[in-house]
Amino acid sequence: MADPRLFRLRVTFRETGRLAMLSHLELARALERAVRRAGLPYAVSQGFSPHMRIAFGAALPVGVGGTSEFFDLFLTDYVPPAKALAALQAASPADLMPTEACYVEPKASAASVACPVSTYEVQLSAAPAALIVPETITVVRKKKEKTLVVADFLVGPVELDGDAVRFTLEAKPTGSLRADAFVRELLAATVAEGYAAEGLRPVSFLRVAQRG
């Protein structure tokens, strides 16, 4: 339940360069350290093992960066957003840099589900003649195979502009299609159909937008 006594600050940041290789747990720890260095009055949880009240947006696959990632930080005292942002920027490395900060309502959707629609941009090692979007993708979760229908998660077309690919995926309450799994099968299908040579791979991979 939301605590009306706390201030919920939503911070947008970019995760780029080498720091795109952080796991979600490593990313969480890095952001918590930045909050502590910034000296913000963060709230802590109750119980035997109190921890910082911070909530993260949807996790990125390891190796995929982001330009519009965000987390919600719960504060015990009001700090002007511009002042909080400046403190976080001074305490953060360049590849994990906060870019915006604003307050959201205590009853707003949790950060993990607030923006289920994500847009990605991928730079490829070569320019394929066309792209072949697979109809289904088989994934392994908890040692069990599951077949996902791509059309259930893909929002709009997959756009190809030379060696750049842009696409949008929507996470559903019943599950989601990982962006890296989609790109892996997309490129495999494209190579199999002869529209690109073997060895086609992503050179850079970014989530560039999120929305509700």
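Right, let's walk through the structure included here. (Residues numbered from 1 in each chain as written. Predicted model: local features only at pLDDT ≥ 70, side-chain atom pairs only at ≥ 80, totals over all residues. Heavy atoms only, no water.)

### Some remarks on the side chain of Thr16
Move 1: With respect to the helices and strands, the residue Thr16 is situated in the loop between strand E1 (7-15) and helix H1 (24-38).
Move 2: Judged by its relative accessible area of 19%, Thr16 is buried.
Move 3: Excluding its chain neighbours within four sequence positions, the residues that come into contact with Thr16 are Gly66, Asp95 and Leu206. (Helix = DSSP H or I, 4+ residues; strand = E, 2+ residues; numbered from the N terminus. Buried < 20%, exposed > 50% of the residue type's maximum accessible area, 1.4 Å probe, protein only. Contact = heavy atoms within 4.5 Å.)

### Structural notes on the packing of aromatic side chains
Move 1: Within this structure, the stated rule accounts for eight aromatic pairs.
Move 2: Ring centres 5.8 Å apart and planes at 50° place the aromatic pair Phe13 and Phe71 in the tilted group. Placement of Phe13 in strand E1 and of Phe71 in strand E3 (residues 65-75) is noted, with a sequence separation of 58 residues between them.
Move 3: According to the relative accessible area criterion, Phe71 is buried, its value standing at 1%.
Move 4: Taken together, the ring pairs in this structure connect Tyr120, Phe167, Phe182 and Phe205 into an aromatic cluster.
Move 5: The ring of Phe74 is capped by Arg53, whose NZ or CZ atom sits 4.7 Å from the centre of that ring. (Phe/Tyr/Trp six-rings, centres within 6.5 Å; stacked < 30°, edge-to-face > 60°. Lys NZ or Arg CZ within 6 Å of the ring centre and 35° of its normal.)

### Digging into the pairing of strand E6 (residues 136-141)
Move 1: As judged from the six bridges shared by E6 and strand E7 (residues 144-149), these two strands associate in the antiparallel manner. The residue bridging Ile137 from the neighbouring strand is Leu148, located in E7.
Move 2: In this structure, the hairpin formed by E6 and E7 is closed by a connection of two residues, where Lys142 is found at a positive phi of approximately 55°. (Pairing = 2+ DSSP bridges.)

### Comments concerning the pairing of strand E9 (residues 164-170)
Move 1: In the sheet, strand E5 (residues 117-124) pairs with E9 via seven bridges, with the strands oriented antiparallel. By the bridge assignment, Tyr120 is partnered in E9 with Phe167.
Move 2: Two strands pair when backbone bridges link them, and strand E8 (residues 159-161) and E9 are joined in this way by three bridges, in the antiparallel orientation. Its bridge partner being in E9, Leu160 is matched across the sheet by Val165.
Move 3: Connecting E8 to the next strand, E9, in antiparallel fashion are two residues, including Gly162 with a positive phi near 65°.

### Quick look at the environment of Leu85
Move 1: Residue position: Leu85 is located in helix H2 (residues 81-90).
Move 2: For Leu85 and Arg18, which are 67 residues apart along the polypeptide, the C-alpha to C-alpha distance reads 23 Å.
Move 3: Setting aside residues no more than four positions away along its own chain, Leu85 makes contact with Pro98, Thr99, Glu100 and Ala101.

### Notes on the state of the cysteines
Move 1: Throughout the structure, instances matching the rule amount to zero disulfides.
Move 2: Just so you know, Cys115 is unpaired, no disulfide at all, and the nearest cysteine sulfur is the one on Cys102, 11 Å from it. (Disulfide = S-S within 2.5 Å.)

### Overview of the nonpolar core
Move 1: Grouped together as the largest cluster of nonpolar side chains are 26 residues, with contacts concentrated most on Phe167 and Phe182.
Move 2: Secondary structure elements with two or more residues in this core: E5, E6, E9 and helix H3 (179-192).
Move 3: Ranked by residue count, the leading element in this core is H3, at six residues.
Move 4: Membership of the second largest hydrophobic core comes to 24 residues, among which are Ala38, Phe71, Ala91 and Leu96. (Core = buried A, V, L, I, M, F, W, Y, C linked by side-chain atoms within 4.5 Å.)

### Quick word on the pattern of salt bridges
Move 1: Considering all chains together, one arrives at six salt bridges under this definition.
Move 2: Across the pair Asp72 and Arg10 runs a salt bridge whose closest N-O atoms are separated by 2.7 Å. Placement of Asp72 in strand E3 and of Arg10 in strand E1 is noted, with a sequence separation of 62 residues between them.
Move 3: One salt bridge in this structure joins Glu121 and Arg166, with 2.1 Å as the shortest N-O distance. Taken together, the positions of Glu121 in strand E5 and Arg166 in strand E9 put the pair 45 residues apart, joining distant regions of the chain.
Move 4: A cluster of three or more residues bridged by salt bridges with shared partners is formed by Arg8, Arg10 and Asp72. (Salt bridge = Lys/Arg side-chain N within 4 Å of Asp/Glu carboxyl O.)

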